[in-house]
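Each chain, letter by letter, is given below.
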Amino acid sequence: MSKTRMHLVMIVALLLTSAVPMVAQTVASQGDEAKLIAVLKSSEASRQDKIAACRQLAIMGGKDSIAPLAALLGSEDLSHNARYALEPNPDPAVDAAFRSALGKVRGLPLVGVIGSIGVRRDAQAVGALTKFLSDSDVVVAQAAARAMGKIGTTEAAQALQAALPQAPAAAKLDFCEGLFRCAEALAAADQKEQAVAIYDELLKLDAAHQVRGGALRGAILTRARGGPKLLRQYLRSDDYILFSAAVQASRDLPGDRVTKALANEMGNLPADNQVLIIQALGCRGDKAAVPALLDAARTGPTPVRVAALQAVTELGDAAAVPVFVQLLDDSTAEIAQAAQASLATMPGREADGAVMQMFQSGEPDKQRLALDLMSRRRIKDSMPALQQAARSADARTRQEAMKMIGDLGGADQLPTLLELLDGAQSPQDLTAAEQAITAACTKAKDPLAQAEKLAGRLSQVKPAQQTALLRVVAAIGGPNSLKTVRALVDSSNAEVRSAAIRALGSWRTADAAPDLLALARKTSDSAEKTLFVRSYLDLAARGDMTLEQRLDMCQQAGSLVQRINEKRQLLGILGKIDSPEAMNVILPYLRDAEVQQEAGIAAVTIAERLMRGRGPWPYAAELVEPLEKVIQATTNDQIAKRARTLLQQAKEGRRKK
Amino acid sequence: MSDKKPHLSRRAFLGRTAALAAVPALVPASVFGRDGAVPPSERIILGGIGIGNRGTHDLNWMLPEKDVQFVATCDPQKQRREKVKALVDTRYGNGDCKVYADIREFLATRTDIDAVLSTTGDRWHAMAAVLAMRAGKDVYSEKPSAMTFAEGQAVVATAQRYRRVYQSGIQRLSEGNFTFANELLRLGYLGKIHTVRAHIAPWDAAEMRHDWLPEQPLPPKEEVDWDAWLGPCPWRPYNAAYCSGSWRNHYDFHTSCIGEWGAHTFAQCQVALGLWETSPVEYKYVNNDSGDGMVATFANGIKLVLERDMDKKIWHGSCGVRYEGTEGWVAIADGYSKPEVSNPAWMADFKKLVDDYCARTQRPMSHVRNFLDCVKSRRQTVANPVMMHRSMSTVHAANICMWLKRDMKLDPAKEEFVNDVEANRFRSRAMREPWVI
């Protein structure tokens, strides 16, 4: 290599170091344009360096970079990159450069240059682009047609219209695209007559469905007058494409004249067409459509009736409510279901009133349906009726009403619900009352205070009610309630004692854990010990607590868990804790022949969750040792295979690409 | 150009499929010359573009729908198109699913196809949607749906021009938990909203790679059509890793950690706020590598805060959103059995709020079903082009804010940054010929 050449290489290397940005830096520092231009001009710079320079010039290139970039427009390798830099440069000299290139470049670079002229909407290029509309290279003609559309002037539209009859078949859609773009641009510039003329022309073409449909949409919506008339004409069309386009356009055409036109035409059409119109009427939001929709809901093909019910619900007009009620008894199941759904979701007091009236009929079937609708509609005014129904002779009605009181009511309903609990006639009544009390307490402003009140009643009620209330209290929790329940564990009544222990096991929070643990350690009765341990594990599995609290509970349980089922339950809980520490608690069980397999599965499941996704995984390093121990201890090939895969990933810190 | 030309081949196709019990008995619209307009009682003929892992997930949602028949797929990678064919043929118990390497040939010749499922990489989403809609297809496109403002505008304009139905794969907009959260906000349960928080992908950065992976020998075009794979992006040499997902984090191909999840979560927030036809007007730069903590403010003063949430303090699942108002808050993310709310009593209204939403909007709690219903009814989908474009504009603006490392203001009406020539130059990228739309 000569000295001069080596000198040049060093200069370029220096330029590249300072001008081309680092791997992760989108914007180069200011004032680098000259260096980037030097890279473009350098015969030593690689294609990659020149492409990187173009990308930078796209952000910060000024007037100085235009000529060097324009010089690359004919290059097969760099033409796109030059356009990439030039296209966003706001300097008007860029337009002149692109126009100038039109006469010089060929093939794909020409297609690109034409595209960029379109993007920049250079109206001065219309004359030069016109000749490319008839280019023998169809890709060039296609690009020219689309670019003319982007420019969108009267002259561009006229050139496209003139060239359209001779356009090659393969370019026809692009010519249509160009004309659509022109029509849109002209309409936006308030030259609506010209735009309408273009849409009308496109509509007459023997063109693809999307062109005809799009043209009709444009023709209807762009007309200052006469849109609704054109709409009516095509609502009668046998051509489903145009019919569908007209209906679609109607959604953007306001006014009761349009609503009337849609409603009037509906009756004479096939079912599919009726459904389309009905959906449009629902969408348009004009309540003038309601009478026609209700007529359609009453008689006719099932899909049409269902669509009408849905549309009238969408419009939310109270006039529909009596029809919904009437259709609840329709012999066609789909209609009855649709009417029910409509009555459930129709807004307003009229629908509430209809549901309450249904409830007051006294017929159990209707009452149950009304209860369901009250729940779905969240009718708060229904409480007196619900309280009455909760004392009904019909068991299902009674129980559903109780649940509803809890569902819709709050703390103010607790006296009634406690009374119902006291008077429960069956276990099902008891369960319904219990669920309702839990729901009502949960919604109270201070659920813990409500739970304390309930805990205070425990000593005053019968054993069955006491058990139910204990479950309610456990579901809500609170320190004072816990003290009360804890005291009942020492009750002389075995049933109460057992219920209290179970309540501690289903306590909402980890607060009951120390009591259960102490009781389990203290008792010498093996049956009672089992009950304490299982309740403790139930609490560890389901309680509302932090990951650390759950893990601590599992660690504490280790010394108490003796039976195989208890070990399995413990491993099941540990397997759901996303923590490397949980794996360490599991490891000793890998040597326990009774649960070796469960322990292996729990350990690898945790590791799989901790290394989900592509990484990086923060716990990867901590998982290496436990996974090695799993591989060493397990006798199960599948578990070993999973552990080996995980071990490799854990050592690498992220998934291999 | 007539829409009647493919009848012979379609009839031949129907002749073969009609005898198969596994194939839905309904007749496709194209038989009646109704290509592109599927009446309510008829079958939707579906095709695929660029279906990989995520796309297979979507396809498995679509295939069980009784009014759908999938007939062909297109992908520049042979292995991927063959995998889709095998899946579809196994389901239908035949060998009829056709494969195409060239999207232009696929769209030009399969005029029997009413709709396409497009699940390419980010770089191709807008291009594929525009080409498909221009060819008269309705489109279900995975997110993020556009790389730039200009691409999003092109999708909106094309859908409107040809009255196409388009659904972006923001599927949480059709899930009960997220819908409930949106309805709580809309109905005023949360009081006056002041802040919404949107999850961005915790593992990626906002700044992206501009380097090239080492050049590898170009495979035969039949195996991988590299030029088509690149599509409108700047040329770079082939490396197999790009084709197997390592296009992520490259500026030319990806929309960063902000677009990765922001495409979902910004859309969720903007729909919930009723601001899906606009974007925030101010973006505050944050000096970190991800945009974590960036505040984007809407014209009405509501703040959208980007949250990486690495320590899972706000959400314990992916793609979370949290809405905060004067009367309370709601938070929801993937994997929640139910939303987290400041007032548990609100949960009693869950079913009613979701049911009422479905009745009011006629949108079911199935994103795929919403798309298919709209193909027939021609209604607007929940993740329609405008919503997609405006929420993606928020993504683009946040990215540009991070790249330029300074605060900026956006005029959503003009879709341009205010007095910021440099930022405005990011709004589009010149497309590589011949992939110029």
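None of the values given here were measured: they were computed from a predicted structure.

Novice: Could you give an account of the overall build of chain B, naming the residues involved and the relevant values?
Specialist: The number of helices and strands found in chain B is 14 helices and 15 strands. Reported as C-alpha extents along the three principal axes, the dimensions of chain B are approximately 65 × 55 × 35 Å. Buried positions account for 55% of the 437 residues belonging to chain B. Residue pairs at least 24 apart in sequence account for 72% of intrachain contacts in chain B once pairs closer than 6 positions are excluded.

Novice: Before we move on, could you go through the overall build of chain A and cite the residues and values that matter?
Specialist: Along its length, chain A carries 39 helices and zero strands. Projected onto the principal axes, the alpha-carbon positions of chain A cover approximately 105 × 85 × 45 Å. Burial analysis of chain A (657 residues in total) assigns 50% to the buried set. The long-range share in chain A, meaning contacts at least 24 apart out of those at least 6 apart in sequence, stands at 63%.

Novice: Outline the sheet that holds strand β6 (residues 166-168) of chain B, supporting the account with residue identities and numerical values.
Specialist: Residues and elements named next belong to chain B. In spatial order, the strands read β3-β2-β1-β4-β5-β6; together these six strands make up an open sheet with parallel pairing. Of all the strands in the sheet, the pair left with one neighbour each is β3 (98-100) and β6. Between one strand and the next, the sheet's axes are offset by a mean angle of 20°, whatever the strand orientation. Seen against the sheet, helix α3 (residues 78-92) touches β1 (44-49), β2 (68-74) and β3 and runs at an angle of roughly 160° to β2.

Novice: Quick one: what's the story with the pairing of strand β12 (residues 328-332) of chain B, residue by residue and with numbers?
Specialist: All names here are of chain B. Among the five residues that make up β12, four are buried, leaving the element largely enclosed by the rest of the structure. Summarising the sheet, strand β11 (residues 321-325) and β12 pair through five bridges and their orientation is antiparallel. Across the sheet, the residue bridging to glutamate 324 is tryptophan 329, located in β12. Connecting the antiparallel pair β11 and β12 is a turn made up of two residues. Note: β12 against strand β13 (residues 340-341), two bridges, orientation antiparallel. Looking at β13, one finds that alanine 331 is bridged to glutamate 340.

Novice: Can you break down helix α7 (residues 107-119) of chain A residue by residue, with the values?
Specialist: Residue and element names in this part refer to chain A. Taking 1.5 Å per residue, 13 residues should reach 18 Å; α7 reaches 19 Å between its end C-alpha atoms and fits that length. Here α7 lies mainly inside the structure; 11 of its 13 residues are buried. Among all positions of α7, only Pro109, Leu110, Val111, Gly112, Val113, Ile114, Gly115, Ser116, Ile117, Gly118 and Val119 are buried. Looking at the packing, one finds that the buried side of α7 touches α5 (79-86), α6 (93-102), α8 (126-130) and α9 (138-151). Residue arginine 121 follows α7 closely and has a positive phi angle near 50°.

Novice: Account for the pairing of β2(B), naming residues and giving values.
Specialist: All names here are of chain B. Burial runs high along β2: seven of the seven residues are buried. Where β2 meets β3, three bridges bridge the pair, whose relative direction is parallel. Its bridge partner lying in β3, alanine 72 is registered against lysine 98.

Novice: Describe in detail the interface of chain A and chain B, supporting the description with residues and values.
Specialist: Across the contact, 69 residues belong to chain A and 54 residues belong to chain B. Partitioned by chemical class, the residues of the side of chain A that touches chain B number 32 nonpolar, 21 polar and 16 charged.

Novice: Before we move on, can you summarise the domain arrangement of chain B with the specific residues and values?
Specialist: Residue and element names in this part refer to chain B. You can read the domains of chain B as domain 1 (7-171) and domain 2 (173-206 + 255-424). A C-alpha centroid distance of 28 Å is found between domain 1 and domain 2. The set of elements that each furnish at least two residues to the side of domain 1 that touches domain 2 consists of α2 (53-62), β5 (138-141), α6 (149-161) and β6. Take the side of domain 1 that touches domain 2: its biggest share by element is six residues, from α6.

Novice: I'd like a rundown of the packing of helix α7 (residues 176-186) of chain B against helix α11 (residues 350-361) of chain B, residues and numbers included.
Specialist: All names here are of chain B. Interaxial distance between α7 and α11 falls to 9 Å at its minimum, and their mutual angle equals 90°. Considering their axes alone, α7 and α11 lie roughly perpendicular with respect to each other. Of the residues in α11, those touching α7 at Gly176, Thr179, Phe180 and Glu183 are Phe350, Leu353, Val354 and Tyr357. Among the residues making up the contact of α7 with α11, the classes are represented as five nonpolar, two polar and one charged.

Novice: Could you give me a rundown of the sheet that holds strand β10 (residues 303-307) of chain B, with the residues and numbers involved?
Specialist: The strands that make up a sheet are held in pairs by hydrogen bonds between backbone atoms, and each pair lies either parallel or antiparallel. Pairing is mixed in the open sheet, where nine strands are placed in the order β13-β12-β11-β7-β10-β9-β8-β14-β15 (chain B). Only two strands of the sheet have a single neighbouring strand rather than two, namely β13 and β15 (416-417) of chain B.

Novice: Any details on the nonpolar core? Residues and values, ideally.
Specialist: One finds Ile114(A), Ala144(A), Ala246(A), Leu293(A) and Val473(A) to be the most contacted residues of the largest nonpolar core, which totals 340 residues. With residues near it in sequence (within four places) discarded, Val473(A) still touches Ala451(A), Leu454(A), Ala455(A), Ser481(A), Val485(A) and Ala503(A).

Novice: Got a sec to walk through helix α31 (residues 494-505) of chain A? Specific residues and values, please.
Specialist: The end-to-end C-alpha distance of α31(A) is 17 Å, a good match for the 16 Å that 12 residues give at a rise of 1.5 Å each. The set of residues buried in α31(A) consists of Ala499(A), Ala500(A), Ile501(A), Ala503(A), Leu504(A) and Gly505(A).

Novice: I'd like to hear about the packing of helix α35 (residues 564-574) of chain A against helix α37 (residues 596-610) of chain A, residue by residue, with values.
Specialist: How two helices pack is summed up by the angle between their axes together with the distance between the axes. Residues and elements named next belong to chain A. The geometry of α35 relative to α37 is characterised by a closest axis approach of 9 Å and an angle of 10° between their N-to-C directions. The angle between α35 and α37 falls in the class roughly parallel. Contact with α35, carried on its side by Arg568, Leu571 and Leu574, involves Glu598, Ala599 and Ala602 of α37 and no other residues of that element. Of the residues in the contact of α35 with α37, the class split is four nonpolar, no polar and two charged.

Novice: Lay out the environment of Glu282(B) with the relevant residues and their values.
Specialist: In this fold, Glu282(B) is placed in strand β8 (residues 282-283). With 19 residues separating them along the chain, Glu282(B) and Gly301(B) place their C-alpha atoms 9.7 Å apart.

Novice: Quick one: what's the story with the environment of Asp515(A), residue by residue and with numbers?
Specialist: All names here are of chain A. Note that aspartate 515 resides in helix α32 (residues 513-522). Put simply, aspartate 515 and leucine 482 are 33 residues apart on the chain and 9.5 Å apart in space, counted from C-alpha to C-alpha. Excluding anything up to four places from it in sequence, aspartate 515 contacts Arg486 and Leu504.

Novice: Would you mind going over unusual backbone geometry in detail, with residue names and values included?
Specialist: With omega at -15°, the peptide bond leading from Lys143(B) into Pro144(B) counts as cis. Look at the link from Glu433(B) to Pro434(B): it is a cis peptide, with omega at 5°. Here Pro434(B) shows up in the segment after α14 (421-424). For Arg121(A), which is not glycine, the phi dihedral falls at a positive 50°. Within the secondary structure layout, Arg121(A) lies in the loop between α7 and α8. Judged by C-beta crowding, with 15 C-beta atoms within 10 Å, Arg121(A) ranks as partly exposed.

Rules of the game
- Residues numbered from 1 in each chain as written.
- Chains lettered and ligands numbered in written order.
- Predicted model: local features only at pLDDT ≥ 70, side-chain atom pairs only at ≥ 80, totals over all residues.
- Helix = DSSP H or I, 4+ residues; strand = E, 2+ residues; numbered from the N terminus.
- Buried ≥ 20, exposed ≤ 12 C-beta atoms within 10 Å, placed from the backbone.
- Contact = placed C-beta atoms within 7 Å.
- Pairing = 2+ DSSP bridges.
- Axes fitted to C-alpha atoms, helices over the stretch in contact; angles between N-to-C directions.
- Expected span 1.5 Å × (residues − 1).
- Nonpolar A, V, L, I, M, F, W, Y, C, P; charged D, E, K, R; others polar.
- Domains from an automatic or database assignment.
- Parallel < 35°, antiparallel > 145°, perpendicular 65-115°, else oblique.
- Core = buried A, V, L, I, M, F, W, Y, C linked by C-beta atoms within 7 Å.

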